[in-house]
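Reading the structure
So you can see what is in the structure, the chains are spelled out below.
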Amino acid sequence: MFTDREGYIRAFHERLVGHLALKWPVAEVMDFQRPVRNVMALSGEGGIGKSTLIRHLAGLAQDGKLDGLPKDCSVAVIDFADLSSQSFETVLLRVRAALGRLGRSWPAFDIALSAYWERKHPGESLVRFLDRSSSIGAVADSLRLSEQVASSIDGLFAGLGVVTAAYRVLDLVGTSARQSAALKRLRRDLPAFGPILQETDPDKMLGYLPILLSADLERIRQKRQVLALCVLDTFENVQTLPPERGGLEDLVARMAYLLPNVFFTVGSRRPLRWHEPVRSVGLTYGGAQRWPGLAGTDGKSDQFPIDGLEPPEADLFLRKRLTVDDEPAIGAELRERIVAGSGGSPLYLELSTGLFEQHLVRGEAPQPEMFGEPFPELVLRMMRDLSAEDRDLLRAAALLEAFDDQLLAAVLPEARGRRIEDFIARRFVRHDPTVWPPCRLHENLRRGVTGCDAHTSDGWTTRERRTRVSRALTHLTDFTLSIWNDDPPTGLTPADHSRRTVAAFLLALYGAAEHGVLSPGLGQMAYTLRYLGHWQVLASLPQLVGSAPPELAELTAVARLTAQAGQDATRRYTAMKATVGDVDAGPYADYFHFELGNLAQFTGALPDSDRHFEAVTDPLAPIGVASRFDLAGNAFRRSRYTDVVQRIEGRSAATRLERIGTGDLLGHVYLHNARFQEAAELFTEVLSQARQAEVPLWAARAARHLALSCMWFDPDRTLRAIPEARELNQSLGEVVGLAQCDMAASMAHAMRGDWGNAVHLLGEARRTFEAVGASAELIPIDVVEILQLIAQGRDEQARELTVRLAEAADVAEPFLPVWAAVTALWIGRPELHDFAGIGWLDLPDMTRERWFRPLDRLRAGGGTQV
């Protein structure tokens, strides 16, 4: 049913006609001061019908029910009530997938998207992801996008021997792609194409991809008339986020501005403020000059407040919404009563109709006094009208912002599966199979159910509600922590499983904050997201205030500090200690101890690091396993290599992720013992395992560690490994990893006798290490510099650095004393540190001979391996 919205339909139709009359050549799109009027914003209170209206408007255009519009119309619907839509990557993929219905070829966007994907999701094929994922829209749209991306790549590199499923766009664009006429044409015709493709930061790259999508769409529009629409629903969830550049609202506003040939309808409880001077400060493209329609500067505003239905239209809704033999099922007097109580709210009318329908199905005549009461009373009536089993299911569904059948079964283990299926099929349950979890209640209804429950005869007590909330949070925790198992849940790829852990964590966090339940698993979940490389999610967690328990505020603050890898580690460590206060006082002590131990380890405060790791109480949980592993790492930092091997070798029942971490640490043990080739082979295996497990963070680490192993004995292999290592670490914001890539490249160039590049790259690495406060690197940059100074005959400078290393190691808790022993060996001053006192894996004489080989090769200035 749809009534009383003719004025909005006329305004929408009028704006679409004007929108279609405009052409957007590249030169005009590249004018970033131009005005645009491709947004129609509708705002109003919850339950007033915004979602229905904006979807109805798009449906009228798509179904050809508005005169003068193209028959070829595509609609992308982005509902920000879905937690996954808080990722701009997901938003943009859904828009691109929907637009794919308008044309077969989108070369500029698809090539740049493929390059972005390689940087952001190293080791994960975009084509395979689109083939199997349901997270970007309808299955048909996803499969179509997969085919179109593959076609764009194959078409671009036709005849160059590219295999679609295994191409690497970044490699090809830099080499053989230069032969491609298509690529040259894109660079020539689209000034933004080259700079976007060359941008190394994938997050910056993503924000400007819409301009390429606009160019591809305009090429299609030049050939035939098409209409592209995008619906942005529940936009108030975006407007409540921090208003900063690079935030979600800025990225969405930027997308709308860079896609002037797409028409956007926005539904929100708040008007858009992109035109206002204060708000536009946090927007890349804000201000009244760019958004005159939102400002209404010409007297014709594109912002529309939505009021309730007028009584005649509300009555029409009721008459047509429920009929018996083509006659209104609800009598005139009762309709009048319902209309008077509704205030024109479509949600109120819909729930009233549903309540009446339930009585009708049972053959009962509902009493008039059941209707027309305020909204809370209507919800209460609706709950009382349900069976006891369905009332419990409604209460369970209202606990969190989204749910599915498994979550309901976890909350109510006594509920029968068929009963849950029937409940999910009810009209008031919103269902979207393209998101996870796929079911939700209208927010007003969800809040109403919780508020009214105390007034039902069998309402949950406070203890019962907290128990059931805890069951829901435990279910989400178990789902998230199942990522540590070797086999993902049935039907889920590792990539989809990883993405769902983000939604599960956010659902659990917001649910815990809403109900004041301190779920003990949240710390393990936050650590898991960190381990999986979801840095951006953690860095953008909200600052919980108000009635949320202070322990949750501490948890989110610690998670944000953990994700800010580009900031000084010592300052983060100090800030984290101040945030937490009494570490052992709350339910997240293990998480806090681990993150404090990790930062202490990074800054070289090993006694503090040991203390925090040893304080972790649950040895079998992921954080407990990681703490034991990092205690082995601290033994490594003390150069007690035999202790490290005893701690990590022979562990049974290790998961795939644990094996990856163990292999990485063992590789470093081999490297420090000058068993370079063994280390390189182990890091190669770890890199392969990380790709198979689709864990980008470990793939990035293994790639750079492989380069650090090869730099001592094979400069050519090192330089071949560096490009991929840079991409992987750049994509995750691993600043220290990029510095290590520079250090490895410096050594490789020195081995070849290219001292200009060697010195420059070593300087870049040192500046990066100093900028992030990395004072406890596993291969200190001073060690590499000493080796290079000796090879260049600058013995005095080499001796000065070596003496400083020896003095730093002459303390009660030296950090990596191995390097004082090795560098003293190189300069011929073994008395500076006892080489035999290091806990080598082999006899000291054997290890001593191996550590002389890199110096011999460096002095030789290239040639065959020593």
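For the structure itself, look to the data block above.
All values derive from a computational prediction rather than experimental measurement.

Definitions and limits used
- Residues numbered from 1 in each chain as written.
- Predicted model: local features only at pLDDT ≥ 70, side-chain atom pairs only at ≥ 80, totals over all residues.
- Heavy atoms only, no water.
- Pairing = 2+ DSSP bridges.
- Helix = DSSP H or I, 4+ residues; strand = E, 2+ residues; numbered from the N terminus.
- Axes fitted to C-alpha atoms, helices over the stretch in contact; angles between N-to-C directions.
- Core = buried A, V, L, I, M, F, W, Y, C linked by side-chain atoms within 4.5 Å.
- Buried < 20%, exposed > 50% of the residue type's maximum accessible area, 1.4 Å probe, protein only.
- Contact = heavy atoms within 4.5 Å.
- Nonpolar A, V, L, I, M, F, W, Y, C, P; charged D, E, K, R; others polar.
- Salt bridge = Lys/Arg side-chain N within 4 Å of Asp/Glu carboxyl O.
- 1 Å grid on protein atoms, 1.4 Å probe; cavity = no way out; pocket = protein on both sides within 12 Å on 5 of 7 lines; lining within 4 Å.
- Points joined across faces, edges and corners; volume = space filled by probe spheres on them.

Topic: the sheet that holds strand 5 (residues 303-305)
- Pairing is parallel in the open sheet, where five strands are placed in the order 2-3-4-1-5. Either end of the sheet is taken by a strand with one partner, and the two such strands are strand 2 (73-79) and strand 5. Averaged over all neighbouring strand pairs, the angle between strand axes comes to 15°, with direction disregarded.
- Inspection of the sheet shows strand 2 paired to strand 3 (residues 227-233) by seven bridges, in the parallel sense. Its bridge partner being in strand 3, Ile-78 is matched across the sheet by Leu-232.

Some thoughts on the nonpolar core
- Ranked by internal contacts, the top residues of the largest apolar core, which has 191 residues, are Phe-505, Leu-522, Trp-712, Trp-826 and Trp-851.
- The biggest single contributor to this core is helix 26 (residues 494-515), with 11 residues.
- Formed by 75 residues, the second largest nonpolar core is a distinct cluster that contains Ala-112, Leu-126, Leu-190 and Val-262.

Considerations on helix 20 (residues 375-385)
- Of the residues making up helix 20, those classed as buried are Leu-378, Val-379, Leu-380, Met-382, Met-383 and Asp-385.
- The secondary structure elements touched by the buried residues of helix 20 are helix 19 (346-361), helix 21 (388-397) and helix 24 (443-452).

Considerations on the packing of helix 27 (residues 522-531) against helix 31 (residues 589-603)
- Running from N to C, helix 27 and helix 31 cross one another at 35°; their axes reach a closest spacing of 9 Å. Two secondary-structure elements touch here, helix 27 through Gly-523, Ala-526, Tyr-527 and Arg-530 and helix 31 through Tyr-591, Phe-594, Glu-595 and Asn-598.
- A breakdown of the residues in the contact of helix 27 with helix 31 according to their chemical character gives four nonpolar, two polar and two charged.

As for helix 21
- In terms of residue burial, helix 21 counts as a mostly covered element, since eight of its 10 residues are buried.
- Every buried residue of helix 21 is listed here: Asp-390, Arg-391, Asp-392, Leu-393, Leu-394, Arg-395, Ala-396 and Ala-397.
- On its buried face, helix 21 is in contact with helix 20, helix 22 (405-411), helix 23 (417-424), strand 9 (439-441) and helix 24.

Brief notes about the pattern of salt bridges
- Counted according to the given criterion, the structure contains 51 salt bridges.
- In this structure, Arg-37 engages Asp-302 in a salt bridge whose closest nitrogen and oxygen atoms are separated by 3.1 Å. Of this pair, Arg-37 sits in the loop between helix 2 (26-29) and strand 1 (39-43) while Asp-302 sits in the loop between helix 16 (292-295) and strand 5, and the two are 265 residues apart along the sequence.
- Between Glu-831 and Arg-829 there is a salt bridge, with its nearest N and O atoms 2.4 Å apart.
- Judged by relative accessible area, Glu-831 falls into the exposed class, the value being 54%.
- You can call Arg-829 partly exposed: its relative accessible area is 31%.
- Overlapping salt bridges, with partners in common, bring together Arg-391, Asp-392, Arg-395, Asp-453, Asp-458 and Arg-465 in one network.

Quick notes on empty space enclosed by the protein
- Enumeration over the complete set of coordinates arrives at five cavities of 30 Å³ or more.
- Estimated volume of the largest cavity: approximately 170 Å³.
- Lining the largest cavity are 16 residues, and of these Ile-483, Asn-485, Pro-494, Arg-656 and Ala-693 lie nearest its centre.
- At the level of elements, helix 26 and helix 35 (656-672) are the ones that each hand at least two residues to the lining of the largest cavity.
- A total of three residues in the lining of the largest cavity trace back to one element, the largest contributor, which is helix 26.
- Residue classes in the lining of the largest cavity are distributed as eight nonpolar, four polar and four charged.
- Size it by volume and the second largest cavity reaches roughly 80 Å³.
- Lining the second largest cavity, in full, are Trp-24, Pro-25, Val-26, Val-29, Met-30, Leu-190, Pro-191, Ala-192, Ile-211, Leu-212 and Ala-215.
- Put simply, the parts of the chain that give the lining of the second largest cavity at least two residues each are helix 2 and helix 12 (210-223).
- Top element by residues in the lining of the second largest cavity is helix 12. It accounts for three residues.
- Here the lining of the second largest cavity is built from residues that sort into 11 nonpolar, no polar and no charged.

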